[in-house]
Structure formats: C-alpha cells, structure tokens
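# Report on the structure
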Amino acid sequence: MNISSLGEEDLNKLSKLLDNSSCGWRQLASAATEHPQFRCSEKELTTCSIQVLDAAGSPARTLLAWLADRGCTLDFLQHYLRRMDHQQALQFLTTAALEQIKITVQPQSQQAPLGSRVVLTCRASGPSGLSYQWFKGKEEILHETGSLPELVLCPLGPAHQGHYICRINHGEKCIFSTWAHIRLLHSAGSSSGCSSMFPVSGLRVSQQPSSQAASEGDVLVLKCRAEANPPPQYEWYHNEMPIPQQKTCSLRIPGVTTEHRGEYRCKVFNLYHEAWSDTATVTIGPSSVTDASWVEVDRGLESQEVQRSTTRSGVNPVQQMACPPPAAKNFYATDKVALLIGNMHYHYHQQLSAPISDVHELTNLLRQMDFKVVSLLDLNCQEMKSAVSEFLLLLDKGVYGLLYFAGHGYENYGNSFMVPIDAPASYTSKHCLCVQNILTRMQEKKTGLNVFLLDMCRKRNPNDGLIVQPGTLKVTANIVFGYATCVDAEAYEVKREDVSNGIFISFLKRHVCEDEKVTVMLDKVAEDMGRCAITRGRQALELRSNLSERRSLTDRILPLDSSASDSARNLQWAIAHVLPESRSLSFDCGVKVQLGFAAEFSNIMVIYTRILEKPAEIDSCSAQLTDFPQEVDIDLKKSNQETLFEAGCLLLIKEELPSVEEHSLYTRIRSLQRLKTDLAFTVCLHYTYSNMDEEVVERLPVTVGKPLVSKLNLHEPRTSSSCSATLGSSLDSFSCPESSSLASVDSPSNTWPHYGDTGSAVSLSDSLTFSRGANLPEESDSPGELDSHQPLTASKSLPQSQLNEISYKFSDMYNLHSL
C-alpha cells in the first residue's frame, strides 16, 4: 500500500512527528537512500527545508509526498522509521495502517441439517498481501480452507457446531471478524424434539442469464431466477470476481463500457443449498449513442444560467427523444500521418534489439490503413526534435496523427519523456523530448485524432527533479495514450535468434488493423497481454483516453480542398522520401553495371550492384562500393555482401526483388538524416581477363543527391519563425494549384523499386503523381482502389511465427531499462 493511501489527516499528524532536527525528516531521507528510487537530490532536500518559511509549510509533508510519488509503500516507510528508532512515529503509522484494512463481508451465523454443506465467508479490503486465519473458539482450523476467505464445512456434523471467527493478517498487523455461530438443525423425529419451521426442499435455477452484445453507453440487464425453500439469495460475479451491491435476481449496469465485457455468473444459495447459473458472455461494441439531446448550463460570475439545447426547431422535445436515434456516423480523416521512432544504439545506455523490427512491422500495418508513415531509427536529440517539427507540418484540421516511440524512456510527475540515443548517463528532461509538449503542438493543428503509442519504460528518473509544465491542453475529446506498461514499471523485449520483438508490438499487431474504436482495439491488446504467462505481473498495457467518438485507425480518408501552402508542404515531404534513380554505369572495359536502391526505413537505404553486360574476354567481375562520406553509418565488414542478411538487413528479403539475379552485392547505409551534402561514393569494378591472372580495378565516382529523409536536414535546429528548415527557397521554385492532389508519397515502401533490366527508372516527377492518401507505387495504383474495402492482413515481411506459437522463456526477456 502506497503512502498516499493514508488520509490527509494522518499524513499531517505523521509530518508533525517528523518535523524536527534530531530525529526527523532529514534522517528519514538519509535512511531512504538505501533504495535508489527513493534517493533525494540536494536540490530536493533544499526545497524541503525552505518549507519552514511558509506558515503552513512542512518539510516532512513535502518529503512524504515525493516518496509517495516514487512508489514508497507503508512497509518501506515503517522499515525506515525502525532504522531511525523513531518509536512514536512508528507506533502512529502502525495504527494508521491497521485502520486501512476494512472487513467488507462478515461471516454469518447459520443453521444447517446433518450432512449438508456450510460456507462461512469473510472478505476484507486493504493493502495487497492480506491473509486469512479461521478459528473455532480458540483453536485454529488447519485444514485447506482454513486459510481462505471462504471456510467450507462439509459434510456438516456434530463436531462442527460452535462459534467461528476469522483473523485477517497483514504483516504484523491483524484484525478480527465478528463471531458466527453454526448450529446443527435436527429433523422432526429427532430426540431433541425440535423441528424445522419450514420443510426443506432443493434448489433449482429456473431462469438462466443469457449472453448479450451491447454497445458502449447501453444499459446491461442480466436475469437469473431460482426456486428454493427457504427463499434463495443471489450474488453476481464478473470474470470470477464478486460484484458489490448486486444481491438480487436481476443485474443492472447502466452506461456500460468496454471494461464490463466478459463472463457473468450468478451464485444462488440459501441455508442448505448452493447452485451456480450458466455462464453468460457479454461483448461490448461501439457506442450506439450519436446525437442525443443535451442541455448546457453556463454559470457565469453572476450565477446566470444560459441553456442551450440540441432540440430541432419545430419539434417537441419529448417527441424528438422518443424517435429512434439516427444511424451511427461514419467518421473520416482528412489525412492520416504517422511518425515512428525506434532508438536502439544508445551511446551511454543499454543497447536494445527490438525497435528495428517493431517499427518495421507497425509501418507495414499502418500503410495498409493508408497512413503516411515516416519510420526513423537511432535519432539524437536534435534529430528527434526536427523530426517532430516536420511531422507537425503534415497535420491539419481533421488529420489523424499517430506517434510511436520504442526505446528508453521515463515518466516524472505525469509527464512522459522519450530518450534520444545521445542522452548522457545522468540525463534529465532537458536532454529528452516531453510527449505532453508534442500533444499540445498537435492540438494547435485541430487534428481529428491524436494517438500516442509509447513502447518504453515508465520508471521515475531520480536524476530529474524538475517538474515540467507543458502547455495547456485543449478539451478536444480525441486523445488516446497507449502505454506499453503501467506507471513505475518497465517494458520488455523478447530476444530471438533472428529478429527481436517488443512485448507490446507482439500483441498490438494482432488487432491494430481491426475496424474498431481505437480504445476498444487497445483494450483487446491489454486483455491478450493479461492472459500471457510471460507478461502477467510484469508488464501490463495502460490506456488513457478521452476519445468520445467512434474513431478508428481504419477510417477512410476524405480530403479537404488543399491550399497552395498545404500542397507545397506535402510535396516537400514527398520529395524527401524519394529514392535515387536507378542507373546503368558503363566502364571503359565494356562492362555495364546496374546501380539500384531500396528503402528499409526513412533513414536507412540499401544499395545493390549487379552486372548487366560484360565482354566475352572478361572471365569474372564484381562491382563494389567504397569511399562513403563520414556522416553516414556503414559497417565496412558487412558492405558489398552477396545476401541481404550478410549485409546486416534482416527486414528486406531477396525474394522482394522484381527479378531474382545472381551475383548482386548489397551495401546497407544508415543514419541518412545526418547527411549534410549529396551522397557521393565510388563504384570499384574488379575484373580479370580469361588469359590473365592479375585482377584489374576501374573506379567510377557516383553522386546520387540527398536520398530519402536526408533532404529534410534533420540535423539542423528549427526556429520558431520557420516551421521547417527546408520550407524556404526550395518551395519558391514551383507552384501548386489548390486542386493539386499531391501529398501522398509516404515514407518509403519496403519493397524494391521496379526498375527495368535496362536500368531505366521512374523519374522524380513521375514518382510524385500519387493519389492523396494512397501508399502504393504509381504503377500499382488504380482510381477506385480507395473506395473498395480490402482485407487488412498482418505483415509478412518478418520470418517469425505468431506470438501464440512462440515458446517464451523468462531468460529471453530483455529489460528496456530507462535509467
């Protein structure tokens, strides 16, 4: 139980006991340093000490609040008080903690006939780890149900008569229930001469609850009836947990949400018998509430009430409410944009394995739903800030914006921070990006939906005592946060031989393409994670949302008329995601070499070379690449390899080439976002003549411009006066009519470009003529494609089995440590 579970009055009393210099809050702070997460910095201690300057201030109260925020429990606090030998505070805390345990169900006295089954029930609420002990008189009951909330006496015999009591324990603390008296009920012919007041009959369930499908906001009603004498009592259970205050034959839940779906059963019982109903399964779908009437009461400074109603003109309000609701709305997006960032190769922190495959898989799935996806790996702080700025340029009224981050992270005081790869060992908020600040900037664009999927740890950062104050959020009812783990917990990845996967994406990819409200879809992901043995008790998805409409990631795109500036910005982004043209290189010896390009991510490109023609007198030849600029990242040991796997590329497979050719060499280029000039390198042709043993080398310099995201110059800081460092003179060289439909060359396709055998390529101008919202190359696009529903399937790009086919081991789990 957290310190915050104590009432305000108890916390103030405890603070008074600790507000002294001899054995007080400073000694408590010193004792708490044995656990790093509770260690206070000098700045924090100074903040505590200056509270004495305020008449109502309390240094101890401030310290206790910080300890509570960092997850300090009452048990930890008692341990620290024992180390300080502060007996008065320890005694007070023990008493206060004991008061937190409340008995919610007391055992009841019962009469039952010989051989029947009697159940005594005692339940308590309070801190986790409560244990139960049953006693008959002064003797502890040691059989198997004697340590459970329900004590079962069956078959009932004379030895069971007597008084029973239950003790609830929590550590060294305990409380007792009331006494319950069990009496043996004799039949009419017994020697005691006693008879029962009513004849005893059986118990039969006459009406079973039925399975139902309801919508969010509906009223759920389940009924169960039984025939018994004495009359039966009812208890309803949801997913095997009792439902408080539901003790009648009819279960009624107004305004259901997705948390109410699951299995329901009713326990029917009297003094002599007990029976269970059949299981009723309840599914909760999208909301059926659309345009319900409402009244807004505006209470100003002078308490004047102004009422506004949605009642249609000329229609009686009662008649309007009696009319059936209109059909559910079809929601549309004016565009859909996603920024996916995966950080793996940290300079001063643990290296991660899963972000590369997680970003890749989510990219493919989002493209199937017509998202413009920008996928970036291994960004430093400046590059992350610039990428977010460019992402915001694509947002506008009605646009769906999605931000996914996989990497190290932390959460302080309710704010989430994404850690870039160049963050120092003891990083703080100034070295990271605050997600809530990004949300504020997204709201300025009047977006239709804002989705944040954060696949990172949410432990507190002890190095960061600063409370960041993000901008004021607007009430837009369109925000969804999907956290891979809960507060003060860690996220995990599963290490595989080929490609690692994060736990979150392993479950998300099952449901993300479903035509469900975003929150309903994420609820399904959370339920799947809860049923998996490897995640239970370690990682649980947390959903935070104020989404009021049934908006889904699969909603269609219905673009608005674009202004010239909108088209220009979209075209600028499209240009920044175009690959270099394939080309044919001719060498003096008569050999022709094809130079081709493929995008693995928005900032990672693969270059391949293959021999198109060679004279008959040349026995063997190969074209290798060298002399790359220092800004880009190339593993020289894996360059010019015969397979993609040897080149370090796990996510592009050779079968995706338009035509499979032998003797192609592959080189993988990373960190294109750091390229400051045109990409230039040398093609070295190594060949031997049939009548010579000596190898001949010809060199040919090649310049391919600034490929993919390198055109955006993410390495340059953005200024407040200019949204983009690249939206300058480069946009003055062309004009876009308002009717232009440009804007949909999204982040690069994960298939190889379709270059012909002659080495020709689609020109830059041709490659930009895409229909808005589509994510397909021009040659595979068709006018009616967006109007037809195509089944959405999971990506087939990764050579992995489905999650339920994987035999997980705890030794496979790698912690995405944030500190």
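Note that the structure is predicted; figures quoted are calculated from it, not measured.

## Comments concerning the sheet that holds strand β27 (residues 415–418)
Spatial ordering of the open sheet is given by β26-β27-β28, a layout of three strands whose pairing is antiparallel. Both edges of this open sheet fall to β26 (409–412) and β28 (433–434), since each of them pairs with a single strand only. Pairing of β26 with β27 involves four bridges; the strand directions are antiparallel. From the neighbouring strand, G409 faces β27, where its bridge partner is M418.

## Some remarks on the packing of aromatic side chains
A full pass over the atoms with the stated rule returns eleven aromatic pairs. Ring geometry for Y410 versus F417: centroids 4.9 Å apart, planes at 15°, classification stacked. Like F417, Y410 is buried. Between Y608 and Y666, the aromatic rings sit 6.3 Å apart at their centres with planes inclined by 45°, giving tilted as the arrangement. Here Y608, found in strand β36 (residues 604–613), pairs with Y666, found in strand β38 (residues 665–669); they are 58 residues apart in sequence, far enough to count as distant. In this structure an aromatic cluster arises from ring pairing among F38, F76 and Y80. Geometry around F269 places K267 over its ring, the cationic atom sitting 5.3 Å from the centre.

## Brief notes about the packing of helix α1 (residues 8–18) against helix α4 (residues 59–69)
The interhelical angle for the contact between α1 and α4, taken along N-to-C directions, is 120°, at an axis separation of 8 Å. On the basis of the axis angle, α1 is oblique to α4. For the crossing formed where α1 meets α4, the hand is right-handed. Along its contact with α1, which presents E8, L11, N12, L14, S15 and L18, the element α4 presents A60, R61 and L64. Among the residues forming the contact of α1 with α4, the class breakdown is five nonpolar, two polar and two charged.

## Digging into the pattern of salt bridges
Applying the stated criterion to the full structure yields 25 salt bridges. Note that R261 and E527 form a salt bridge whose closest N and O atoms lie 2.8 Å from each other. Residue R261 is located in the loop between β17 (250–253) and β18 (262–269), and its partner E527 is located in helix α12 (residues 518–531); the two are separated by 266 residues in the primary sequence. With relative accessibility at 11%, the residue R261 sits in the buried group. Here R668 makes a salt bridge to E600, at a shortest N to O gap of 2.6 Å. Of this pair, R668 sits in strand β38 while E600 sits in strand β35 (residues 592–601), and the two are 68 residues apart along the sequence. Assigned by exposure class, R668 and E600 land together as buried.

## Section: the sheet that holds β36
Sheet strands pair via backbone hydrogen bonds, and the direction of the pair is either parallel or antiparallel. Reading across from one edge, β34-β35-β36-β38 is the order of the four strands in this open sheet, with antiparallel pairing throughout. Single-partner strands in this sheet number two, and they are β34 (583–586) and β38. Across the sheet, the mean angle separating the axes of adjacent strands is 25° when strand polarity is ignored. As paired strands, β35 and β36 are joined by nine bridges and run antiparallel to one another. Looking at β36, one finds that F601 is bridged to I604. Across the sheet, helix α8 (residues 355–368) is in contact with β35 and β38; its angle to β35 comes to roughly 90°.

## A short note on the packing of α8 against helix α11 (residues 503–511)
Interaxial distance between α8 and α11 falls to 10 Å at its minimum, and their mutual angle equals 15°. In terms of orientation, α8 lies roughly parallel with respect to α11. Considering only the axes of α8 and α11, their crossing is left-handed. Between α8 and α11, the contacting residues are D358, E361, L362 and L365 on the first element and I505, L508 and K509 on the second. The residue makeup of the contact of α8 with α11, split by class, is four nonpolar, no polar and three charged.

Conventions and cut-offs
Residues numbered from 1 in each chain as written. Predicted model: local features only at pLDDT ≥ 70, side-chain atom pairs only at ≥ 80, totals over all residues. Heavy atoms only, no water. Pairing = 2+ DSSP bridges. Helix = DSSP H or I, 4+ residues; strand = E, 2+ residues; numbered from the N terminus. Phe/Tyr/Trp six-rings, centres within 6.5 Å; stacked < 30°, edge-to-face > 60°. Buried < 20%, exposed > 50% of the residue type's maximum accessible area, 1.4 Å probe, protein only. Lys NZ or Arg CZ within 6 Å of the ring centre and 35° of its normal. Axes fitted to C-alpha atoms, helices over the stretch in contact; angles between N-to-C directions. Parallel < 35°, antiparallel > 145°, perpendicular 65-115°, else oblique. Left-handed = near helix turned anticlockwise from the far one by under 90°. Contact = heavy atoms within 4.5 Å. Nonpolar A, V, L, I, M, F, W, Y, C, P; charged D, E, K, R; others polar. Salt bridge = Lys/Arg side-chain N within 4 Å of Asp/Glu carboxyl O.

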